[in-house]
Amino acid sequence: MLVDLYRVVRQGIRLSTDSYSLKKVERLYMPAREESIADAAGSMVMYERWLTSREDGSQGNATLLDEIAMYNQRDCVSTAQLRDWLEARRVEEEALRGAPIDRPPVIERACE
């Protein structure tokens, strides 16, 4: 089952930021990023650089691909930590209320 965490965050958290992107929200549950690629645009720029580095017929600059992979891995880790952080907030709220919080119903959708 997949859950749209962006929607959960938008509907459940108030932030004093201009965006609810993963990079803006993750400051709540993990340290700031220090990698050379900080956002999706940077990842695309790095990929373009890698493509350009291959124009001479070589394999290209493998370091650029490593940096893109590290960025993507960090996004995956961040998403998992966001889910865990949200679940911890749920547990805290249930303790305050003294009752469980109902989850939305599961909607089955066919894959296209």
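For clarity, every value in this text was computed on a predicted model and none was experimentally measured.

A.B. asks: Would you explain the overall build of the protein chain in this entry?
C.D. replies: Helix and strand counts for the protein chain stand at 4 helices and 0 strands. In sequence order, the secondary structure elements of the protein chain are arranged as α-α-α-α. A compact globule built from 112 residues would reach a C-alpha radius of gyration of about 13 Å, whereas the protein chain, at 19 Å, exceeds it by more than 25%. Here the C-alpha coordinates of the protein chain stretch approximately 65 × 35 × 20 Å along the principal axes. Looking at the protein chain as a whole, 22% of its 112 residues qualify as buried. Considering only residue pairs separated by 6 or more positions, the protein chain has 49% of its internal contacts joining residues 24 or more positions apart. By element, 54% of the accessible surface of the protein chain is carried by carbon and sulfur atoms, the whole surface being about 8700 Å². Here the protein chain contributes 16 positive and 20 negative side-chain charges, whose respective centroids are spaced 6 Å apart.

A.B. asks: Any chance you could explain the side chain of Arg74 here in plain terms?
C.D. replies: Turning to its location among the elements, Arg74 is positioned in helix 4 (residues 62-97). Excluding residues within four positions of it along the chain, Arg74 makes contact with Met30, Pro31, Ala32, Arg33 and Glu35.

A.B. asks: Got a minute to help me understand the layout of surface pockets in this structure?
C.D. replies: It is a probe the size of a water molecule, rolled over the atoms, that shows where empty space is left. Here the largest pocket defines a volume of roughly 1400 Å³. Looking at the largest pocket, it is lined by 28 residues, and the ones nearest its centre are Leu2, Val3, Asp4, Val8 and Pro104. Within the residue set of the lining of the largest pocket, elements represented by two or more residues are helix 1 (5-12) and helix 4. Top contributing element to the lining of the largest pocket by residue count: helix 4, with 8 residues.

What counts and what doesn't
Residues numbered from 1 in each chain as written. Predicted model: local features only at pLDDT ≥ 70, side-chain atom pairs only at ≥ 80, totals over all residues. Heavy atoms only, no water. Helix = DSSP H or I, 4+ residues; strand = E, 2+ residues; numbered from the N terminus. Rg over C-alpha atoms; globule rule 2.2 N^0.38 Å. Buried < 20%, exposed > 50% of the residue type's maximum accessible area, 1.4 Å probe, protein only. Contact = heavy atoms within 4.5 Å. Areas by Shrake-Rupley, 256 points an atom, 1.4 Å probe, with all protein chains shown as cover. Lys, Arg positive; Asp, Glu negative; His and termini not counted. Charge placed at Lys NZ, Arg CZ, Asp CG, Glu CD. 1 Å grid on protein atoms, 1.4 Å probe; cavity = no way out; pocket = protein on both sides within 12 Å on 5 of 7 lines; lining within 4 Å. Points joined across faces, edges and corners; volume = space filled by probe spheres on them.

Coordinates in, geometry out; function isn't part of it.
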